[in-house]
Every structure is written in structure tokens, then in C-alpha cells.
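Survey of secondary and tertiary structure
Next come the chains, spelled out residue by residue.
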Amino acid sequence: DVVQAIVVPYSHAEFGERPAAFLQMKDGQKPNESALKSFLTQKLARYKLPDMFFELPEKIVRKGLKISRSDCQRWLMEKL
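Residues numbered from 1 in each chain as written. Predicted model: local features only at pLDDT ≥ 70, side-chain atom pairs only at ≥ 80, totals over all residues. Heavy atoms only, no water.

Digging into the packing of aromatic side chains
- Under the criterion given, the structure shown has 3 aromatic pairs.
- Ring centres of F54 and W75 lie 5.3 Å apart, and the angle between their planes is 75°; on these two criteria the pair is classed as edge-to-face. Of this pair, F54 sits in strand β3 (residues 52–55) while W75 sits in helix α3 (residues 69–79), placing them 21 residues apart in sequence.
- An aromatic cluster of at least three residues, connected via ring pairs, comprises F22, F54 and W75.
- The cationic tip of R18 hangs over the ring face of F15; the distance from NZ or CZ to the ring centre is 5.9 Å. (Phe/Tyr/Trp six-rings, centres within 6.5 Å; stacked < 30°, edge-to-face > 60°. Helix = DSSP H or I, 4+ residues; strand = E, 2+ residues; numbered from the N terminus. Lys NZ or Arg CZ within 6 Å of the ring centre and 35° of its normal.)

Below, the structure written as C-alpha cells:
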């Protein structure tokens, strides 16, 4: 049900940086963090698993054809 995903790093006190995922879902669904982690645990090394999952903000999606990782990172830093 994931249309597109953007993964960006965020500062982490213990590990330096950790991944956070921004997801655009089909039909306006909300990301199900537990289902996503369960699925990704089978596909990725543990250190690559995103710590947080966010719905891709509309204001970032509407900016153009390509989603800006730096816009996602800025949005995340404002929320943390």
C-alpha cells in the first residue's frame, strides 16, 4: 500500500544518525508502524530499519515532481 517512501537521517545521541521514513500511502491511508517494522525486519539489516515513520506531508509533495529529501529532513527537525 506504499506509493513512495523517502528515508532521511536524523541526529541521534548514541549512534550519530538514524533513519526516519516518510511514506505516501495508497488511498490516503495512514502508515501502520508495527506492520511496516514487521515487514522490514525480514528485508533489512537491523541498523537500517527506520526508527520513525511519518506520513509524507502534503506541503512537501505539492512542491514539484521530485520529493526533496532536504525538505523532509527540515520538517523532521522541526518536529523533534
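Back to the text.
Thoughts on the nonpolar core
- Ranked by size, the top nonpolar core spans 14 residues in total, and within it F22, F54, I67, C72 and L76 carry the most contacts.
- If you look at the next biggest cluster of nonpolar residues, it comprises 7 residues, including L23, L40, L49 and F53. (Core = buried A, V, L, I, M, F, W, Y, C linked by side-chain atoms within 4.5 Å. Buried < 20%, exposed > 50% of the residue type's maximum accessible area, 1.4 Å probe, protein only.)

Section: the environment of L76
- Note on placement: L76 falls in helix α3.
- Residue classification places L76 among the buried positions, given a relative accessible area of 0%.
- Sequence-wise, L76 and Y10 are 66 residues apart; in three dimensions their C-alpha atoms are separated by 7.8 Å.
- Not counting residues up to four positions away in its chain, the partners in contact with L76 are V8, Y10, A20, F22, M52 and F54. (Contact = heavy atoms within 4.5 Å.)

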